[in-house]
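Structural overview
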Amino acid sequence: MRETALLERLLPASVVAVEAFTDDPHAVLFAEEEATLARSVDKRRREFTTARVCAHRALARLGLPPAPILPGPRREPRWPAGVVGSITHCAGYRAAAVSRSADIITIGIDAEPNEGVPPGVLDQVALAEERSWLDQRTSRHPEVCWDRLLFSAKESVYKAWFPLARRWLGFDDALITAEPTGTFHARLLVAGPILAGHELTEFAGRWLARNGLIITAIALPAGGPPPVTWPAP
């Protein structure tokens, strides 16, 4: 039986997630993907290559034919027609999550080391209301770097937002609340896109801290709120 990926624990069954903890030096990209790396340093090349291989494998598990996944204007992955997805990478971890757009409207994933953010970063990403719960969570659950969790959740929000809105979303444009139970909520502070006749005003996500990583994920279902039968993180 295939072991459940860390990321899959955060996502509904209609989403396929593939992750890697090492880089394969023999991994092969499509020629079009390789061309985008012409001026890339080794670190960027390894991150891009392994993450794209994860994405190729995820698409194959959806039963789709091989296809290059090229970056868009804001470096967002451009998926085949009828597919939504998201890609992430950090030190020691690369992952991709994909689904058919008939099942999921958008996906946003992010992975970070479970370490405090560098000095000055929190001032750039945290709203006053977020600092309040950050202090409380840090004192009660010091095993989780909550400032890094906040950063990761905002990254996942942006990745879920952009394919729908096609415009920038700043760190101060979404108010995040994260719970020790492994969930987080994002309230959008700017006008959202119209979906099925209603303005998008929020996202619900899940997170876990494991193996030295913090991973956050959002999957917005096409048919309504997420099912309550998701596997526990």
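Higher on the page you've got the structure.
Residues numbered from 1 in each chain as written. Predicted model: local features only at pLDDT ≥ 70, side-chain atom pairs only at ≥ 80, totals over all residues. Heavy atoms only, no water.

A count of helical and extended segments in the protein chain gives 5 helices and 10 strands. Taking the principal axes of the C-alpha coordinates as reference, the protein chain spans close to 50 × 40 × 40 Å. Expressed as a percentage of its 233 residues, the buried residues of the protein chain come to 48%. Contacts in the protein chain between residues far apart in sequence, at least 24 positions, make up 62% of those at least 6 positions apart. Accessible surface, the protein chain: about 11,600 Å² in total, of which carbon and sulfur atoms supply 55%. Positive and negative charge centroids in the protein chain, built from 26 and 27 side chains respectively, lie 3 Å apart. (Helix = DSSP H or I, 4+ residues; strand = E, 2+ residues; numbered from the N terminus. Buried < 20%, exposed > 50% of the residue type's maximum accessible area, 1.4 Å probe, protein only. Contact = heavy atoms within 4.5 Å. Areas by Shrake-Rupley, 256 points an atom, 1.4 Å probe, with all protein chains shown as cover. Lys, Arg positive; Asp, Glu negative; His and termini not counted. Charge placed at Lys NZ, Arg CZ, Asp CG, Glu CD.)

Moving on, we come to the layout of surface pockets. Within this model, the largest pocket holds a volume of roughly 970 Å³. Residue lining of the largest pocket: 38 residues in total, with Arg74, Arg75, Ile87, Glu155 and Lys159 positioned closest to the centre. For the lining of the largest pocket, the secondary-structure elements that each account for two or more residues are helix H2 (42–61), strand E2 (83–90), strand E4 (104–113) and helix H5 (146–165). For the lining of the largest pocket, the element with the highest residue contribution is E2, accounting for 8 residues. Along the lines of polarity and charge, the residues of the lining of the largest pocket split into 20 nonpolar, 5 polar and 13 charged. (1 Å grid on protein atoms, 1.4 Å probe; cavity = no way out; pocket = protein on both sides within 12 Å on 5 of 7 lines; lining within 4 Å. Points joined across faces, edges and corners; volume = space filled by probe spheres on them. Nonpolar A, V, L, I, M, F, W, Y, C, P; charged D, E, K, R; others polar.)

Residues that lie three or four places apart on an α-helix share one face, since the helix turns once every 3.6 residues. Here helix H4 (residues 128–140) contains 13 residues, and its C-alpha end-to-end distance of 19 Å stays within 8% of the 18 Å for a straight helix at 1.5 Å per residue. Here the buried face of H4 lies against helix H3 (121–125), H5 and strand E5 (174–179). (Expected span 1.5 Å × (residues − 1).)

Next up on the list: the pattern of salt bridges. Pairing between side chains becomes possible if they bear opposite charge and their charged atoms approach one another. In this structure the tally under the stated criterion is 12 salt bridges. Glu8 serves as the salt-bridge partner of Arg61, at 2.9 Å between the closest nitrogen and oxygen. Here Arg61, found in helix H2, pairs with Glu8, found in the segment before strand E1 (16–20); they are 53 residues apart in sequence, far enough to count as distant. A salt bridge links Glu112 to Arg148, with the nearest nitrogen and oxygen atoms 3.4 Å apart. With Glu112 in strand E4 and Arg148 in helix H5, this residue pair connects regions lying 36 residues apart in the sequence. The pair formed by Glu112 and Arg148 is uniform in burial state, with each residue classed as buried. One network of salt bridges, with partners in common, ties together Asp23, Asp42, Arg46 and Arg94. (Salt bridge = Lys/Arg side-chain N within 4 Å of Asp/Glu carboxyl O.)

Let us look at the sheet that holds strand E3 (residues 93–100). Taken in spatial order, the 3 strands of this open sheet run E1-E3-E2, and their pairing is antiparallel. Two strands bound the open sheet, and with one partner strand each, they are E1 and E2. The sheet shows a mean angle of 10° between the axes of neighbouring strands, direction not considered. Sheet topology places E1 next to E3; 5 bridges connect them, and they run antiparallel. For Ala20, the partnering residue across the bridge sits in E3 and is Arg94. Sheet strands touched by H2: E1, E2 and E3. Its angle to E3, the strand with the most contacts, is close to 30°. (Pairing = 2+ DSSP bridges. Axes fitted to C-alpha atoms, helices over the stretch in contact; angles between N-to-C directions.)

Bringing unusual backbone geometry into the picture now. Positive phi, close to 55°, is recorded for Arg166, a residue that is not glycine. Looking at where Arg166 falls in the secondary structure, it is placed in the loop between H5 and E5. Of note in this structure, Ala196 is not a glycine but carries a positive phi near 50°. Tracing the backbone through its elements, the reader meets Ala196 in the loop between strand E7 (194–195) and strand E8 (198–199).

Our next topic: the nonpolar core. Inside soluble globular proteins, nonpolar side chains tend to come together where they are buried. If you look at the biggest cluster of nonpolar residues, it comprises 31 residues, and the most contacted ones within it are Trp146, Val157, Trp161, Ile176, Phe184, Leu188 and Phe203. Those elements that provide at least two residues to this core are H3, H4, H5, E5, strand E6 (183–188), strand E9 (202–210) and strand E10 (213–221). With 11 residues, the top contributor of residues to this core is H5. Beyond its immediate stretch of four places on either side in the chain, Trp161 contacts Arg166, Arg167, Trp168, Leu169, Leu188, Val190, Ala191, Gly192, Pro193 and Phe203. The next biggest cluster of nonpolar side chains, apart from the first, holds 20 residues, and it includes Leu11, Ile107, Ile109 and Ala217. (Core = buried A, V, L, I, M, F, W, Y, C linked by side-chain atoms within 4.5 Å.)

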